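The chain contents come next:
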Amino acid sequence: MLFKQWRSCVIFACIIGLPACVLNAGKRPTNKSLSYRDTYKTEDIENVLRHYNFRCVYEDGKYFRCFNCTHHIAFILESKEMIFDGTKLFLTRPVVKNPRQNRFFVAAVDVEKILKPLLEPEKIKKYLPNGGCIVIDAGHGGTAEGAKNSRLKLVEKRLTLNTARALQSALSKAGYKVFLTRDSDVDLSLEQRGQLANKLKAQLFVSLHYNAAESMQARGIETFTYTFASHPSTDRTKALASDESTEVNNRFDIQNTYLAYCIQKSVTLRLGSIDRGVRRARFGVLRHVHCPAILIECGFLSNDDEASKIATKTYQEKLVNSIIKGIQRYVHNTIMRTVVVPPTQILKDFQSKKSSLPKRPLLKSQGTSNKQTFRNPSAEVKPFCGASYRFARKIYLANFLFYEKTRLKSMGLIG
Ligand SMILES: [Zn+2]
């Protein structure tokens, strides 16, 4: 009897469902907006921040301010803007209020990918060790000139290249391996820039741009990260069906947010520029980058006042120094937890090296001299011979172990 009921239910579902299946089959993805209020989860701000000993107050019918002994966060009702310790960041969705309970809510994704990384950077997995590889991308180039200010004869592609070169030299002095995606006036597609960074095994990617707007009043700094999967970019309020794809760079959403925050904070403070916030967009240059990546708009060329400052040496020096300070803050505050090479692997390499070295000195008739056996420029072992051979072998192996550990540590492969 029960089976018969189930069977009739299945037949009924098929009759109702089949036409829908037939109609949807072969339909291409559209830009139809998702009913995001139904699909996204929210969290009570006070409940989230209680774990960090925050106290919250509602002010002027608009601001929801939360503070503890180290941080101050201001949320704005019905707005995506959030001010964290004086720096502006955009949430994925506006803060909403439950009028009955007088409680404030943010999207759960904003708690996980924006609030928590800012409150607990020490829990973020580090991808850039000291001395790691940074790729700097000078925006535009060749036929793509970018933004222009014809009155002051400024072109974005030239400015980004100058800033990138200065940043490369300063970061190299700070001990990083730095590469540029372009070091001359050449055309380079967005995909090529990302691919180059991946080929160079970049551990951090910074794309440099200068901004322009129709309104000549627009000015300030903004920093972009790649938009979270299934969520709207900052310039939109609703997610589209086409936003659902997860891209390579989405693996680094948390690192991206914290890196962008550190750089935006440092640049706006040191340059005294208007803070236009940390934003998200689906930029092609960031999409396929296999490491934490940001794009910074370093000021508006369309604003004559700001453009004339951008062209000065002082602005460029301050800009470069503040980007470096932002990167250093990011590196300092995140932690190294990427153990890629297990310690057993080092011991294995050591054992194989040990067995490859003969226990007794080789005879000249065997073709190789002991001098060649111990030739290791990094270990700097002086060649020994005769009775001291065993001692030289021991020193050589100890040195091998030490240099191997140091090398892997500097690459960030072991903690
Ligand atoms: Zn640009």
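Note that this is a predicted model, so its numbers are computed, not measured.

Cut-offs applied
Residues numbered from 1 in each chain as written. Predicted model: local features only at pLDDT ≥ 70, side-chain atom pairs only at ≥ 80, totals over all residues. Axes fitted to C-alpha atoms, helices over the stretch in contact; angles between N-to-C directions. Helix = DSSP H or I, 4+ residues; strand = E, 2+ residues; numbered from the N terminus. Left-handed = near helix turned anticlockwise from the far one by under 90°. Contact = placed C-beta atoms within 7 Å. Nonpolar A, V, L, I, M, F, W, Y, C, P; charged D, E, K, R; others polar. Buried ≥ 20, exposed ≤ 12 C-beta atoms within 10 Å, placed from the backbone. Expected span 1.5 Å × (residues − 1). Parallel < 35°, antiparallel > 145°, perpendicular 65-115°, else oblique. Core = buried A, V, L, I, M, F, W, Y, C linked by C-beta atoms within 7 Å. Domains from an automatic or database assignment.

Chemist: How should I be thinking about the packing of helix α7 (residues 253-271) against helix α10 (residues 313-333) in this particular structure?
Modeler: How two helices sit against one another is set out by the angle between their axes and by the gap between those axes. Two numbers describe how α7 lies on α10: the axes approach to 8 Å, and their chain directions differ by 145°. Crossing angle aside, the handedness with which α7 passes α10 is right-handed. Of the residues in α10, those touching α7 at Y258, L259, C262, I263, K265, S266, V267, R270 and L271 are Y315, K318, L319, N321, S322, I323, K325, G326, I327, R329 and Y330. Of the residues contributing to the contact of α7 with α10, the split by class is 11 nonpolar, 4 polar and 5 charged.

Chemist: What am I meant to see in unusual backbone geometry here?
Modeler: The backbone of D85 shows a phi angle near 50°, a positive value even though the residue is not glycine. Along the chain, D85 falls in the loop between β5 (81-84) and β6 (87-90). On the neighbour-count criterion, D85 (12 C-beta atoms within 10 Å) is exposed. We note that H140 has phi near 65°; this positive angle belongs to a residue other than glycine. On the secondary structure map, H140 appears in the loop between β9 (133-138) and β10 (148-149).

Chemist: Even after reading the chapter, I still don't get α7, so can you show me in this structure?
Modeler: The periodicity of an α-helix, 3.6 residues per turn, causes residues three or four places apart in sequence to face the same way. Helix length check: α7 (19 residues) gives 27 Å between terminal C-alpha atoms against 27 Å at 1.5 Å per residue, within 8%. Across the 19 residues that make up α7, a large majority, 16, are buried.

Chemist: Is there a simple way to explain the packing of helix α4 (residues 108-119) against α7 in this structure?
Modeler: Packing of α4 against α7 leaves a shortest axis separation of 9 Å and a crossing angle of 60°. Relative to α7, the element α4 lies oblique. For the element pair α4 and α7, the recorded crossing hand is right-handed. Touching K113, I114, P117 and L118 of α4 are D253, I254, T257, Y258 and Y261, all from α7.

Chemist: How should I be thinking about the nonpolar core in this particular structure?
Modeler: One broad trend across soluble globular proteins is that nonpolar side chains are buried collectively. Grouped together as the largest cluster of nonpolar side chains are 77 residues, with contacts concentrated most on I134, I136, L204, F205, V206, I263 and I294. It is α7 that contributes the most residues to this core, 8 residues altogether. Each of domain 1 (36-107) and domain 2 (122-333) contributes no fewer than three residues to this core. With near-sequence residues (within four places) excluded, I294 lies in contact with V206, T223, F224, T225, N256, L259, A260 and I263.

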